[in-house]
Amino acid sequence: MFVRNAWYVAAWDHEVEQAPLARTILGEPVVMYRKQDGGVVALEDRCCHRRLPLSEGEVQGDRIQCAYHGMIYDQSGACVEIPWQKTITKAARVRSYPIVERHRWIWIWMGDAADANPNTITDFHWLDDAGWGAKGTRFHVQSNYKLIIENLLDLTHLAFVHRSTIGNDAVANAAAVTCEHNDDEVTVTRWTLDQPPPPTYAKAGGFEGNVDRWQIIHFTPPCFVRLDVGACDAGTGAPEGQRQGGIRMRNLNAITPESDTTTHYFWAQAHDFEVTNQAITDLVFEQVKTAFSEDVAIFEAQQKMIDHDPEAPTINLSQDAGGIAAFKIIDDLVARESAE
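Here's a quick rundown of the structure.

About the thresholds
- Residues numbered from 1 in each chain as written.
- Predicted model: local features only at pLDDT ≥ 70, side-chain atom pairs only at ≥ 80, totals over all residues.
- Heavy atoms only, no water.
- Helix = DSSP H or I, 4+ residues; strand = E, 2+ residues; numbered from the N terminus.
- Expected span 1.5 Å × (residues − 1).
- Contact = heavy atoms within 4.5 Å.
- Salt bridge = Lys/Arg side-chain N within 4 Å of Asp/Glu carboxyl O.
- Buried < 20%, exposed > 50% of the residue type's maximum accessible area, 1.4 Å probe, protein only.
- Axes fitted to C-alpha atoms, helices over the stretch in contact; angles between N-to-C directions.
- Parallel < 35°, antiparallel > 145°, perpendicular 65-115°, else oblique.
- Left-handed = near helix turned anticlockwise from the far one by under 90°.
- Nonpolar A, V, L, I, M, F, W, Y, C, P; charged D, E, K, R; others polar.
- Pairing = 2+ DSSP bridges.
- Core = buried A, V, L, I, M, F, W, Y, C linked by side-chain atoms within 4.5 Å.

The next point concerns helix α6 (residues 321-339). Counted at 1.5 Å a residue, the expected span for α6 with its 19 residues is 27 Å, and the 27 Å between its end C-alpha atoms agrees. Buried-residue contacts for α6 involve α1 (145-153), β12 (175-181), β13 (186-195) and β14 (211-220).

Have a look at this one:
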């Protein structure tokens, strides 16, 4: 089950062009395209006549034509032209979805359009802030979206899955961890003090000795996880807020369910040092991409075991507190929508 009255990321801005783009979101087929003025349209990807996906057709100006019998739909989803018929019934229409383009992402509202308030879109300004360098992509993951959220809220796995990039033993064995949550958000804070930097940090920051490293993970529903991560030379006051020098980054994640077992995983890595140096941006991105590709292999292996035996028992450990709290928020929102 999914939260529907919420904004989700449907695409990167560069993915949507004049040609139709098909994408399934929360189990619903959607077609997106750009109008002549550059604005984005999102419609149900199904002709109301004989159900051919509209994404098989072509965009004509600001409208889209079905490739089967030539019916033309406007941006509201109404059929405005039938080549062989003058009269058009009011039932000849498909659903139109509210769309907002912000911070290099295309946001879509899958629930009641009357409740779609752009002011509630989660802040991802680091993606296009001049004070940050950022680069991201999308992974099409063959797993349930909750496995990704859980992974981001429990970073003990870095020591075992990502030894060559962003992980080392200190992440699991030497971290001081706290978890705070309420009905709207979860924050997991991790400090690893006076420990060797992992390989990616050593490359990006040029550290010669031990570092004080922080990982502050913030979850907001339905599917957003933003991480404030970085490191400074050990003993220079980072835990007390004196984060001069060193490196600071933001890991930005928008996790959009495609179905119960597949997910569109949009993510980016942003940094506030050498922000105009594309080589640094590329280095940081490629290192994190390598790590996240390793995560994808984990998610998909987990999903295979879940599909094999959905009722197999599992246990919880102390580091699972963040994921458990996030799932409760999601499940409560789903239950509330179902009741309404």
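Here we take up the pattern of salt bridges. Here the structure, examined in full by the defined rule, presents 12 salt bridges. Of the charged contacts, one joins Arg95 and Glu28 as a salt bridge, the two residues approaching to 3.3 Å between their closest N and O atoms. Of this pair, Arg95 sits in the loop between β8 (79-81) and β9 (99-102) while Glu28 is found in strand β3 (residues 28-34), placing the two residues 67 residues apart along the sequence. Given the relative accessible area of 18%, Glu28 is considered buried. For Lys328, the salt bridge identified is with Asp332, shortest N-O distance 2.8 Å. Here Asp332 and Lys328 lie together in helix α6, a separation of 4 residues that amounts to about one turn. The exposed category is assigned to Lys328, whose relative accessible area is 51%. Using a relative accessible area of 34% as the deciding quantity, one classes Asp332 as partly exposed. Here the residues in one salt-bridge network are Arg4, Glu28 and Arg95, joined through shared partners.

Attention shifts here to the packing of α1 against α6. Their axes nearest at 8 Å, the elements α1 and α6 cross at an angle of 140°. In terms of orientation, α1 lies oblique with respect to α6. When the axes of α1 and α6 are compared, the crossing they make is right-handed. Two secondary-structure elements touch here, α1 through Tyr145, Lys146, Ile149, Glu150 and Leu153 and α6 through Gly322, Gly323, Ala326, Phe327, Ile330 and Asp331. A per-class count over the contact of α1 with α6 returns 6 nonpolar, 2 polar and 3 charged.

Strands sit in the order β11-β17-β16-β15-β14-β13-β12 across an open sheet of 7 strands; the sheet is antiparallel. Edge positions in the open sheet fall to β11 (133-141) and β12, since each of these has one partner strand only. With direction set aside, neighbouring strand axes in the sheet form an average angle of 15°. Two strands pair when backbone bridges link them, and β13 and β14 are joined in this way by 8 bridges, in the antiparallel orientation. Following the sheet pairing, Arg190 is matched in β14 by Gln215. Sheet strands in contact with helix α5 (residues 278-308) are β11, β16 (247-257) and β17 (263-271), and its direction is about 20° off that of β11. Of the strands in this sheet, β12, β13 and β14 are in contact with α6, which crosses β13 at around 165°.

Among the nonpolar cores identified, the biggest contains 62 residues, and Met32, Ile108, Ile149, Phe219, Ile255 and Tyr265 are the most heavily contacted of them. Broken down by element, this core gets its largest block of residues, 8 residues, from α5. Once residues within four sequence positions are removed from consideration, Ile108 is found in contact with Ala6, Trp7, Tyr8, Ala10, Ile25, Val30, Ala42, Tyr97, Pro98 and Ile99. Val100, Trp109, Leu127 and Ala268 belong to the second largest nonpolar core, which has 19 residues in total.

The next subject is the sheet that holds strand β7 (residues 72-73). Spatially, 4 strands are ordered β5-β6-β7-β8 in an open sheet, and the strand pairing comes out antiparallel. Two strands close off the open sheet at either side, each with one partner strand: β5 (58-60) and β8.

Below, the discussion takes up unusual backbone geometry. In this chain, Pro221 is followed by Pro222 through a cis amide linkage whose omega measures 5°. Assignment of secondary structure puts Pro222 in the loop between β14 and β15 (224-233). The residue His103 is not glycine, and still its phi comes out positive at about 55°. Its location among the elements puts His103 in the loop between β9 and β10 (105-109). Positive phi, close to 70°, is recorded for Arg104, a residue that is not glycine. Its location among the elements puts Arg104 in the loop between β9 and β10. In this structure Arg104 comes out as partly exposed when scored by relative accessible area, which is 27%.

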